[in-house]
Amino acid sequence: MSKIAIIGATGRAGSQLLEEALRRGHSVTAIARDTSKIGQRTGVVSQNVDALDSAALQAAVAGHDLVISAAHFATLPASAVIGPVKKAGVNRLLVVGGAGSLLLPDGTRVIDSPGFPAEYKAEAGAGAEFLENLRQERDLDWTFLSPSAEFVEGQRTGKFRIGKDDLLVSSEGRSWITFADFAIAMLDEVEAPKHIRQRFTVGY
């Protein structure tokens, strides 16, 4: 079993990653500005950390087998994560990615499509930049898991498809994944790595 640090453990993706990790018997350090809503949980150590405080983040992730970052890209850029993780001596970093940098059938990115919602542009752009920073990284064993276009609350089914750089679309024409099923795909990658120094995606 692994000792996992989750940055952004109280968010919608982070909280499902926490649940999935515990379900599988891993021990988790939950990192967020305010971890009070996590409460006392067996297998969980909660740490209130401002992730932009590099020294505090470094101290919080030290001693773990791997780090999962589930923080928003617009508030926590790649350098704010990669630097402290490396200085802490942790060589494996998995990132909850975004769909904006995935490719459409014509080879263009989702974020560059005409109908892309303006309100998501800043976060999606920051996510694409985070991925490009990881692709230049030579020391960390990183993995960037992009959800489908719709990243939503819903059931944990365990039934989904895995892709690489292309946006996955269901037979009904919808591109979506629940936080719970995304968490399964991420923890599968934790336990049996198949995408070291790669981006991959998950959808129905």
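Residues numbered from 1 in each chain as written. Predicted model: local features only at pLDDT ≥ 70, side-chain atom pairs only at ≥ 80, totals over all residues. Heavy atoms only, no water.

Colleague: Would you explain the UniProt feature "domain: NAD(P)-binding" (unreviewed entry) in the protein chain in this entry?
Modeller: Taking the UniProt record as the reference, the feature "domain: NAD(P)-binding" (unreviewed entry) is found at residues 8-189. Helix and strand shares over residues 8-189 are 31% and 19% respectively, and the end C-alpha atoms of the span are 19 Å apart. (UniProt positions renumbered as here; feature names shortened; annotations may be inferred. Helix = DSSP H or I, 4+ residues; strand = E, 2+ residues; numbered from the N terminus.)

Colleague: Could you clarify how one ought to interpret the layout of surface pockets in this entry?
Modeller: The method is simple in principle: a probe with the dimensions of a water molecule rolls over the atoms, and the space it marks as empty is what remains. Its boundaries defined by the atoms lining it, the largest pocket holds a volume of some 1,100 Å³. Lining the largest pocket we find 39 residues, and of these Arg 12, His 72, Gly 97, Glu 123 and Phe 151 sit closest to its centre. Mapped onto the lining of the largest pocket, the elements with two or more residues apiece are α1 (12-23), β2 (27-32) and α4 (121-135). Its residues assigned to classes, the lining of the largest pocket shows 22 nonpolar, 13 polar and four charged. (1 Å grid on protein atoms, 1.4 Å probe; cavity = no way out; pocket = protein on both sides within 12 Å on 5 of 7 lines; lining within 4 Å. Points joined across faces, edges and corners; volume = space filled by probe spheres on them. Nonpolar A, V, L, I, M, F, W, Y, C, P; charged D, E, K, R; others polar.)

Colleague: What is the right way to read the sheet that holds strand β10 (residues 198-203) from this model?
Modeller: Two strands in a sheet stick together by hydrogen bonds in their backbones, pointing the same way (parallel) or opposite ways (antiparallel). Read across the sheet, eight strands follow the order β3-β2-β1-β4-β5-β6-β10-β8 without closing on themselves; strand pairing throughout is mixed. Edge positions in the sheet fall to β3 (44-48) and β8 (161-163), since each has one partner strand and no second. Taking each pair of neighbouring strands and ignoring which way they run, the sheet shows an average axis angle of 20°. When strand β4 (residues 66-69) meets strand β5 (residues 92-96), the two strands line up parallel, connected through three bridges. Residue Ser 69 lies in a different strand from β5, and its bridge partner there is Val 95. Contacting β1 (3-7), β4 and β5, helix α3 (residues 78-87) crosses the sheet at an angle of about 155° to β5. Relative to strand β6 (residues 141-146), α4 is tilted by about 155°, and along the sheet it contacts β5, β6 and β10. (Pairing = 2+ DSSP bridges. Axes fitted to C-alpha atoms, helices over the stretch in contact; angles between N-to-C directions. Contact = heavy atoms within 4.5 Å.)

Colleague: For this particular structure, what's the right way to read the pattern of salt bridges?
Modeller: If charged atoms from side chains of opposite charge come close, those side chains can pair. Tallying each qualifying case throughout the model produces 15 salt bridges. Residues Asp 188 and Arg 24 are paired through a salt bridge, measuring 2.9 Å at the closest nitrogen-oxygen approach. You can see Asp 188 sitting in helix α5 (residues 179-191) and its partner Arg 24 sitting in the loop between α1 and β2, a full 164 residues away along the chain. (Salt bridge = Lys/Arg side-chain N within 4 Å of Asp/Glu carboxyl O.)

Colleague: What exactly am I supposed to notice about the packing of aromatic side chains here?
Modeller: Each aromatic ring pair is described using two quantities: the centre-to-centre distance and the angle formed by the ring planes. Enumeration according to the criterion identifies five aromatic pairs in this entry. Between the aromatic rings of Phe 73 and Phe 144, the centroid separation amounts to 5.9 Å while the plane-to-plane angle is 20°, which identifies the pairing as stacked. On the criterion of sequence distance, the pair formed by Phe 73 in the loop between β4 and α3 and Phe 144 in strand β6 is long-range, its members being 71 residues apart. Each member of the pair Phe 73 and Phe 144 is classed as buried. Their ring planes at 55° and their centres at 4.9 Å tell us that Phe 151 and Phe 182 sit as a pair that is tilted. Placement of the pair is Phe 151 in strand β7 (residues 150-152) and Phe 182 in helix α5, with a sequence separation of 31 residues. Note on Phe 182: relative accessible area 1%, which makes it buried. Members of the aromatic cluster, each reached through a chain of ring pairs, are Phe 73, Phe 130 and Phe 144. The ring of Trp 176 carries Arg 174 above its face, with NZ or CZ at 3.9 Å from the centroid. (Phe/Tyr/Trp six-rings, centres within 6.5 Å; stacked < 30°, edge-to-face > 60°. Buried < 20%, exposed > 50% of the residue type's maximum accessible area, 1.4 Å probe, protein only. Lys NZ or Arg CZ within 6 Å of the ring centre and 35° of its normal.)

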